[in-house]
Amino acid sequence: MSVTGLCQICEAATARYTCGRCGRVVCGDHWNDAGGACTACLQGHQQ
Ligand SMILES: [Zn+2]
Ligand SMILES: [Zn+2]
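This write-up is about the structure you can find in this document.

Scoring rules and cut-offs
- Sequence order sets the numbering: in each chain, residues are counted from 1 along the sequence as written.
- The lettering of chains begins at A and the numbering of ligands begins at 1, in the order of writing.
- Given that this is a predicted model, residues contribute local features only at a pLDDT of at least 70 and side-chain atom pairs are listed and counted only at 80 or more, while totals for whole chains, interfaces and linings are drawn from all residues.
- Heavy atoms from the whole structure form the basis of all side-chain values; hydrogens and water molecules are not counted.
- Because no water is among the atoms considered, metal sites can look incomplete, with donors defined as N, O and S atoms within 2.8 Å of the metal, or 3.2 Å for Na, K and Ca.
- Tetrahedral means four donors with every angle between 85 and 135 degrees, whereas square planar (four donors) and octahedral (six donors) require angles over 155 degrees between opposite donors and between 65 and 115 for all others; sites fitting neither are termed irregular.
- The numbering of helices and of strands both runs from the N terminus, where a helix is a DSSP run of H or I of at least 4 residues and a strand a run of E of at least 2.
- A simple rule labels every residue: compare its accessible area, found with a 1.4 Å probe on the protein chains alone, to the largest value its type can have, and call it buried under 20%, exposed over 50%, or partly exposed in between.
- Stacked, tilted and edge-to-face pairs are distinguished by plane angle, under 30 degrees for stacked and over 60 for edge-to-face with tilted covering the rest, among Phe, Tyr and Trp rings (Trp via its six-membered ring) whose centres lie within 6.5 Å.

1. Observations concerning the coordination of the zinc ion (ligand 2)
Bound to the zinc ion (ligand 2) are the protein donor atoms Cys19 (SG), Cys22 (SG), Cys38 (SG) and Cys41 (SG), situated 2.2 to 2.4 Å from the metal. Metal-centred angles of 104 to 116° between the four donor atoms at the zinc ion (ligand 2) mark the site as tetrahedral. Considered as a linear motif, the donors of the zinc ion (ligand 2) on their single chain read C-x2-C-x15-C-x2-C. Of this pair, Cys19 sits in the loop between β1 (17–18) and β2 (25–26) while Cys38 sits in strand β4 (residues 37–38); the two residues are 19 residues apart in sequence, bridging distant segments of the chain. Its relative accessible area of 2% is what places Cys19 among the buried residues.

2. Describing the coordination of the zinc ion (ligand 1)
The protein atoms that coordinate the zinc ion (ligand 1) are Cys7 (SG), Cys10 (SG), Cys27 (SG) and His30 (ND1), at distances spanning 2.0 to 2.3 Å. Classification of the site at the zinc ion (ligand 1) rests on its four donor atoms, whose angles at the metal span 97 to 118°, yielding the label tetrahedral. Taking relative accessible area as the criterion, Cys27 reaches 3% and is therefore assigned buried.

3. A word on the packing of aromatic side chains
Enumeration according to the criterion identifies one aromatic pair in this entry. Centre to centre, the rings of Tyr17 and Trp31 are 5.1 Å apart; their planes meet at 5°, and the pair counts as stacked. Linking Tyr17 in strand β1 with Trp31 in strand β3 (residues 31–32), this pair joins segments that are 14 residues apart in sequence.

Here it is, written out as C-alpha cells:
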C-alpha cells in the first residue's frame, strides 16, 4: 500500500512512512529507521 498525503509532523513534505506507534504518516525526515517509529514517538513518549 502506498501512503499518500503530507507528513503529519511538518505538513510540508510527502509522507512515505506510517508510524506503527501513533499511526501518523511521516516524511523521511521525520522517520527514524533505526527506531522503527516517527521522530515524535522517539523524542517524546506521549502515551
Ligand atoms: Zn515531516
Ligand atoms: Zn509515531
